[in-house]
Amino acid sequence: MPELPEVEALAAYLRERAVGRRVERVEVSAISALKTYDPPPTAVDGCRLVDARRHGKFLDLVLSPADDHTAEIDELHLIVHLARAGWLHYRDPFGSAVPLKPGKGPIALRLRLEDGSGFDLTEAGTQKKLAVYLVTDPTQVPGVARLGPDALAVELPVFAERLRGRRAQVKGVLTDQEVLAGVGNAYSDEILHAARLSPFAITNRLSDAQMASLYEATREVLADAVARSVGQRAAELKGEKRSGLKVHARAGLPCPVCGETVREVSFVDSSLQYCPGCQTGGKPLADRRLSRLVR
C-alpha cells in the first residue's frame, strides 16, 4: 500500500509535471471507484490543476473551475486513496485518444491534460478498494475528516498522548489513521525496528524514553523515505521503497543491523516482519494471540 512517503512523492511529481495545466477531460472506467456524484466527474473538464497535496495517505488534486462553471464553486478537490493495490501512472503523452471503456482492464480512472499528457489510476487484483472523491472541501471525504495529526508534523507531547490514549499493541496503533495519519504496514515495521520495540508492546506501558525513541524513529524513517522518494519518477517509487526497507517484506533474510534472521507473524489478510535480535531480546513472536513475551 502506498503510504505517506510515496503519496508525498506523487504529489511532488504532479506539482512539477502537471500543475498549471488545464484538464481536457476525466474518463471513469471503474464506476465502483467513484465514491461521490455531486459534483459530477464532468465538472473537472476544463479546470486548471493548481496544486497537489497530501492528507495522510490521501492524494489531493486541487482544481480551479473553468470560467463557464458555476461561480459558486471556488475550487474542486479530486481526492484519491490508492488502497493496497492502486497506483498512479503518468503518461506523457498518452498513446491513444480513444476513450476508456467502462469495466475493461485495470484502469479505474484516466485524467487527460490539455498538452496530451495525464495519468491513469490503476488497481491490480480482485479486491477493488481504490477510491476517488470529487468534493469542494477535503473534509467532505470521511476518511480525511477522521485523520489524526500527520505523522511528520506532530510534536512529541501530542504523539505520546494519542498513542497512550489507545491501550493496544503498538503496531496496530501506529497504523490507525485516526491516531496518526500516514503510517501503514510497511513503515510501521521499519519504525518499530528503528525504535527497537516489539510490535506487540502495549502503548500505555511504554516508558517516556521508549516513547521518545518511537517518536524519533517515526520522524527519521518517514523523513528519510520522503527524501529518497521525492524527485523519483512515479514508475520508480515502488522500487525505491523496497530498496530502503530493513525488515518489512524481508522475512528469512539477515537483519542489516544485527545479522539475526528477520521473522514474520502472519494474520488473516496481512503480516508483519521484525528482528528478534533488535526488537524482542532474541525471542521469536510465534503468534500474536499466544505470545507471552514481556512487553
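Residues numbered from 1 in each chain as written. Predicted model: local features only at pLDDT ≥ 70, side-chain atom pairs only at ≥ 80, totals over all residues. Heavy atoms only, no water.

Participant: What's the story with the packing of aromatic side chains in this structure? I'm lost.
Facilitator: Ring pairs (aromatic) are described by centroid distance and by the angle formed between their planes. A complete count under the given rule lists 2 aromatic pairs for this structure. Consider the rings of Tyr13 and Tyr90, whose centres lie 5.6 Å apart with planes at 80 degrees: the pair is edge-to-face. Linking Tyr13 in helix α1 (residues 4-17) with Tyr90 in strand β5 (residues 86-91), this pair joins segments that are 77 residues apart in sequence. Aromatic side chains Phe159 and Tyr215 sit 5.3 Å apart centroid to centroid with 65 degrees between the ring planes, which places their arrangement in the edge-to-face category. A residue pair is termed long-range when its members are at least 10 positions apart, and Phe159 in helix α3 (residues 156-164) and Tyr215 in helix α6 (residues 208-229) qualify at 56 residues. Over the ring of Phe94 we find Arg112, and its NZ or CZ is 4.9 Å from the ring centre. (Phe/Tyr/Trp six-rings, centres within 6.5 Å; stacked < 30°, edge-to-face > 60°. Helix = DSSP H or I, 4+ residues; strand = E, 2+ residues; numbered from the N terminus. Lys NZ or Arg CZ within 6 Å of the ring centre and 35° of its normal.)

Participant: Looking at this structure, how should I read the sheet that holds strand β8 (residues 131-135)?
Facilitator: In sheet architecture, strand pairing relies on hydrogen bonds along the backbone and comes in two forms, parallel and antiparallel. The sheet built from 4 strands is open, its strands ordered β2-β3-β4-β8 with antiparallel pairing. At either margin of the open sheet sits one strand with a lone partner, and together these are β2 (48-55) and β8. Sheet twist, expressed as the average angle between the axes of neighbouring strands with direction ignored, equals 20 degrees. With respect to the sheet, α1 is in contact with β2 and β3 (58-64), its orientation differing from that of β2 by roughly 165 degrees. (Pairing = 2+ DSSP bridges. Axes fitted to C-alpha atoms, helices over the stretch in contact; angles between N-to-C directions. Contact = heavy atoms within 4.5 Å.)

Participant: Got a minute to help me understand α1 in this structure?
Facilitator: Within an α-helix, residues lying three or four positions from one another point in the same direction, as the helix has 3.6 residues per turn. In this model, α1 (14 residues) spans 20 Å end to end at C-alpha, consistent with the 20 Å of a helix rising 1.5 Å per residue. Buried residues of α1: Leu4, Pro5, Glu6, Val7, Glu8, Ala9, Leu10, Ala11, Ala12, Tyr13 and Leu14, and no others. (Expected span 1.5 Å × (residues − 1). Buried < 20%, exposed > 50% of the residue type's maximum accessible area, 1.4 Å probe, protein only.)

Participant: Could you clarify how one ought to interpret the packing of helix α5 (residues 185-195) against α6 in this entry?
Facilitator: The description of two packed helices rests on the angle between their axes and on the distance between the axes. Between α5 and α6, whose axes approach to 8 Å, the crossing angle comes to 130 degrees. In terms of axis orientation, α5 runs oblique to α6. Of the two elements, α5 crosses α6, and the hand of that crossing is right-handed. Residue-level contacts link Tyr187, Glu190, Ile191, Leu192, Ala194 and Ala195 of α5 to Ser213, Leu214, Ala217, Thr218, Val221, Leu222 and Ala225 of α6. (Parallel < 35°, antiparallel > 145°, perpendicular 65-115°, else oblique. Left-handed = near helix turned anticlockwise from the far one by under 90°.)

Participant: Would you mind showing me how to read unusual backbone geometry here?
Facilitator: For residues other than glycine, phi is negative in most cases, and the peptide bonds are mostly trans. In this structure, Pro39 follows Asp38 across a cis peptide bond, with omega equal to 5 degrees. Each neighbour pair has its own omega, and for Asp92 with Pro93 the value is 0 degrees, a cis peptide bond. With respect to the secondary-structure elements, Pro93 resides in the loop between β5 and β6 (107-113). The phi angle at Ala83 is positive, at roughly 55 degrees, despite the residue not being glycine. Counting through the fold element by element, Ala83 comes out in the loop between β4 (76-81) and β5. For Ala83, a relative accessible area of 6% corresponds to the buried category. Positioned with a positive phi, Arg196 is a non-glycine residue whose angle comes to about 60 degrees.

Participant: Can you walk me through the packing of α3 against α6 in this structure?
Facilitator: Here α3 crosses α6 at 110 degrees, and the two axes come no closer than 10 Å. Judged by the angle between their axes, α3 and α6 are roughly perpendicular. As α3 packs across α6, the resulting crossing turns out to be right-handed. In this structure, α3 contributes Leu156, Phe159, Ala160, Leu163 and Arg164 to the contact, and α6 contributes Asp208, Met211, Ala212, Leu214, Tyr215 and Thr218.

Participant: Would you take a moment to explain the pairing of β3 for this structure?
Facilitator: Put simply, side chains in a regular strand alternate between the two faces of the sheet. Counting buried positions along β3 yields 6 of 7 residues, so the element is predominantly enclosed. Pairing geometry for β2 and β3, over 7 bridges, is antiparallel. If you follow Leu49 over to β3, its bridge partner there is Leu63. Linkage of β2 to β3, two consecutive antiparallel strands, is achieved through a turn of 2 residues, within which Gly56 is found at a positive phi near 60 degrees. Bridge count between β3 and β4: 6 bridges; the pairing is antiparallel. Opposite Leu61, over in β4, you have Leu78 as the bridge partner.

Participant: For this particular structure, what's the right way to read the nonpolar core?
Facilitator: What tends to happen in soluble globular proteins is that the nonpolar side chains get buried as a cluster. Ranked by internal contacts, the top residues of the largest apolar core, which has 38 residues, are Leu14 and Leu121. Sort the elements by how many residues they give to this core and α1 lands first, with 6 residues. What Leu121 contacts, discounting residues up to four positions off in sequence, is Val80, Leu82, Trp87, Leu88, Pro106, Ile107, Ala108, Leu109, Leu130 and Val132. In terms of nonpolar packing, the next biggest core, distinct from the first, is built from 27 residues, Val170, Ile191, Ala195 and Ala217 among them. (Core = buried A, V, L, I, M, F, W, Y, C linked by side-chain atoms within 4.5 Å.)

Participant: Sorry if this is basic, but what is going on with the state of the cysteines here?
Facilitator: Disulfides are covalent bonds that connect the sulfur atoms of two cysteines. Within this structure, the stated rule accounts for 0 disulfides. Here Cys278 stays free of any disulfide, with the sulfur of Cys275 as its closest cysteine sulfur at 3.7 Å. On the basis of relative accessible area, Cys278 is assigned to the buried category, the value being 4%. (Disulfide = S-S within 2.5 Å.)

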